[in-house]
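An overview of the molecular structure
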Amino acid sequence: MTATELLQDRYAATVMLTYGVPPVALARGSGCTVWDVDGNAYLDLVGGIAVSSLGHAHPAIVAAVTRQVSTLVHTSNLYLHERQVELAERLLELLGSDGRVFLANSGAEANEAAIKLVRRRQGPDRPVFVAAEHSFHGRTMGALSLTGKDSIREPFAPFGTQVRFVPYGDPAALAEAVGPDCAAVVLEPCLGEGGVVPAPPGYLAAARAACDAAGALLVLDEVQSGIGRTGHWFAHQQEGVLPDVLTLAKGLGGGLPIGACVGIGPSGSGLAKGDHGSTFGGNPVACAAALAVLDTIERDGLLGHVGKVGDQLAAAIEALGHPLVTGVRGSGLWRAIALRGNAAAAVEAAARSAGFLVNAVQPDAIRLAPPLILTEAEAESFTAALPGILDSASVLA
Ligand SMILES: *Cc1c(COP(=O)(O)O)cnc(C)c1O
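Keep in mind that what you see is a predicted model, and the values were worked out from it rather than measured.

Rules used in this analysis
Residues numbered from 1 in each chain as written. Predicted model: local features only at pLDDT ≥ 70, side-chain atom pairs only at ≥ 80, totals over all residues. Heavy atoms only, no water. Helix = DSSP H or I, 4+ residues; strand = E, 2+ residues; numbered from the N terminus. Rg over C-alpha atoms; globule rule 2.2 N^0.38 Å. Contact = heavy atoms within 4.5 Å. Areas by Shrake-Rupley, 256 points an atom, 1.4 Å probe, with all protein chains shown as cover. Lys, Arg positive; Asp, Glu negative; His and termini not counted. Charge placed at Lys NZ, Arg CZ, Asp CG, Glu CD. Core = buried A, V, L, I, M, F, W, Y, C linked by side-chain atoms within 4.5 Å. Buried < 20%, exposed > 50% of the residue type's maximum accessible area, 1.4 Å probe, protein only. Domains from an automatic or database assignment. Expected span 1.5 Å × (residues − 1). Axes fitted to C-alpha atoms, helices over the stretch in contact; angles between N-to-C directions. Parallel < 35°, antiparallel > 145°, perpendicular 65-115°, else oblique. Left-handed = near helix turned anticlockwise from the far one by under 90°. Polar contact = N/O pair within 3.5 Å; in protein donor to acceptor, adjacent residues only side chain to side chain. Pairing = 2+ DSSP bridges. Near = heavy atom within 4 Å.

Comments concerning the overall build of the protein chain
Regarding its fold elements, the protein chain presents 14 helices and 17 strands. Over its C-alpha trace the protein chain gives a radius of gyration of 21 Å, about what one expects of a compact globule, namely 21 Å for 397 residues. Viewed in the frame of its principal axes, the protein chain has a C-alpha envelope of about 55 × 55 × 45 Å. Considering only contacts within the protein chain whose residues lie at least 6 apart along the sequence, 70% involve residues at least 24 apart. Summing over all exposed atoms, the protein chain offers an accessible surface of approximately 16,700 Å²; the carbon and sulfur share of this is 57%. Side-chain charges in the protein chain split into 26 positive and 38 negative, and the spacing between the mean points of these groups amounts to 5 Å.

Here we look at the nonpolar core
One finds L187, L339 and F382 to be the most contacted residues of the largest nonpolar core, which totals 87 residues. Considering every element that reaches this core, the biggest residue donor is helix α11 (residues 284-299), with 11 residues. Residue assignment places this core across two domains, with domain 1 (3-57 + 301-396) and domain 2 (72-299) each supplying three or more. L187 has contacts with A132, H137, Y168, L174, Y203, L204, A207, V219, L220 and D221, leaving out every residue within four places of it along the chain.

Overview of helix α4 (residues 82-95)
Residues that lie three or four places apart on an α-helix share one face, since the helix turns once every 3.6 residues. Over its 14 residues, α4 runs 20 Å from end to end, which matches the ideal 20 Å to within 8%, given 1.5 Å per residue. Of the positions making up α4, those classed as buried are Q84, L87, A88, R90, L91, L92, L94 and L95. At the exit of α4 stands G96, carrying a positive phi of roughly 65 degrees.

A short note on the packing of helix α3 (residues 59-69) against α11
In contact at an axis separation of 8 Å, α3 and α11 are set at 150 degrees when each is read in the N-to-C sense. Between α3 and α11, the interaxial angle falls into the category roughly antiparallel. For α3 against α11, the interelement crossing comes out right-handed. Taking contact as the criterion, the partners of A60, I61, A64, V65, Q68 and V69 in α3 are, on α11, P284, V285, A288, A289, A292, V293 and T296.

Considering unusual backbone geometry
Residue P158 is bonded to the preceding A157 through a cis peptide linkage, with omega at 5 degrees. In this structure, P158 sits in the loop between α7 (150-153) and β6 (162-166). Of note, A50 is a non-glycine position whose phi angle comes to about 60 degrees, a positive value. When you line up the elements, A50 lands in helix α2 (residues 47-50). Taking relative accessible area as the criterion, A50 reaches 2% and is therefore assigned buried. Of note in the backbone geometry, A57 takes a positive phi value of approximately 55 degrees without being a glycine.

Here we look at the side chain of R153
Here R153 is to be found in helix α7. Residue contacts for R153: discarding those within four places in its chain leaves L144, S145, T147, G148, F159 and F165.

A few points about the side chain of Q224
Locating Q224 in the fold gives a position in the loop between β10 (217-221) and α10 (235-239). Given a relative accessible area of 7%, Q224 falls into the buried group. Polar side-chain contacts of Q224 include one of 3.0 Å to the side chain of E193. A polar contact of 2.7 Å, which involves the side chain of Q224, links it to the side chain of R367. When neighbours within four sequence positions are excluded, Q224 is seen to be in contact with A50, G192, E193, R229, K250, W334 and R367.

Observations regarding the pairing of strand β2 (residues 33-36)
Burial of β2 is one-sided: the residues V34 and D36 facing one way are buried, the residues T33 and W35 facing the other way are not. Sheet topology places strand β1 (residues 26-30) next to β2; four bridges connect them, and they run antiparallel. Bridge assignment links S30 to a residue of β2, and that residue is T33. Judged from the three bridges that link them, β2 and strand β3 (residues 41-44) form a sheet pairing that is antiparallel. Counted as the bridge partner of V34 is Y42 from β3. Count of turn residues in the β2/β3 antiparallel hairpin: four residues, of which G39 carries a positive phi of about 90 degrees.

Let's talk about the environment of G277
Positionally, G277 belongs in the loop between β12 (259-264) and α11. Distance in space between the C-alpha atoms of G277 and R153 is 25 Å, their sequence separation being 124 residues.

Topic: the site of the ligand
Lining the immediate environment of the ligand, one finds S106, G107, A108, N111, F136, H137, G138, E188, D221, V223, Q224 and K250. The separation between an oxygen atom of the ligand and a polar main-chain atom of G107 is 2.8 Å. Note that a nitrogen atom of the ligand is positioned 2.7 Å from one of the side-chain N or O atoms of D221. Calculation on the ligand without its partners gives an accessible area of 390 Å², and the protein chains cover 81% of this total.

Concerning the environment of P167
Looking at the element boundaries, P167 is found in the loop between β6 and α8 (171-177). The exposure class of P167 is partly exposed, given its relative accessible area of 34%. When the C-alpha atoms of P167 and S135 are compared, they prove to be 9.7 Å apart, with 32 residues separating the residues in sequence. If we skip the residues at most four places from it in the chain, P167 touches E133, A173 and Y203.

Next up, the structure:
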């Protein structure tokens, strides 16, 4: 038995099988490479699902977290601390807007804060949220109620939130759904779990206009798209559309658990004293990691790097002209390889055998969300191996 198999057996016996039993047991990482417990190396093109923005064991995160752990790990929110204030200031500065930040520990929690903020601002006469089919907003009951994937939402109904789902990317359907009973529209700028499906140009602007016309708030869930993933600090900046509420998490902490709900303009005052809270939210260690992520993205010019390497990666995959590939979607270092037929699981497995971690985000799409520090050479090593991976997947599928 391999070390992986031994660990999988212990996992299967004791850990709730909400994820099944994962095929790889990771032991350590450095840069964009991870090693499993049997010593096999993989180029990590998943990045912990768009989380490990600076890769693994990045010196800036190691230094910031080490310093903070040995100074002050936890305060609760009965006491404030400097890292939390610095992070809130930095996020608002990057947004170029006034507002206020609530710090949480995950994407779902950031969205729960957004839901409560909307409820508080809009009151009981506007009970309806509008969200998109194929969207993903998290697994807690509020966030799940907004998630447009029936198979994961319906088993847990009923919910306390009234949600009207619209087809993603259709501005007319959206405008029709946003009426006087609507509190907010909640959208991802590009579907993440839905398969890295970007909104058509003008969709976010149309959502903004529909919200303004009806008196609804616009909530953008940038839990996956934010913090440099698309080559911009926030994906909405590409479209020049400012939301009322912005949620962040995944890439923000570079692997440390942190989420943020940003109320922009008057929405910053949507939640008052006593309205919300989190014991761990805004934890000094997570905040220190997030500040190191933001500083490093800026200092190392990673936004430009992400745009450049991402475009090269997409162009190189398309240039292969492989019969299994129908196209490449997305922007920056956030791409889906669209496949003919439901070949994604086979491609993921074949890539793993060849030493690459990729994610079968949909039955017919492979997601790439590598660390933002992925080098051109690392990207090329993948595109060089890809024809062989696709060939062996064609046999498996
Ligand atoms: C991952 C994700 C979430 C949920 O984040 P968790 O940290 O898993 O709770 C919410 N929204 C989007 C867009 C996501 O990609």
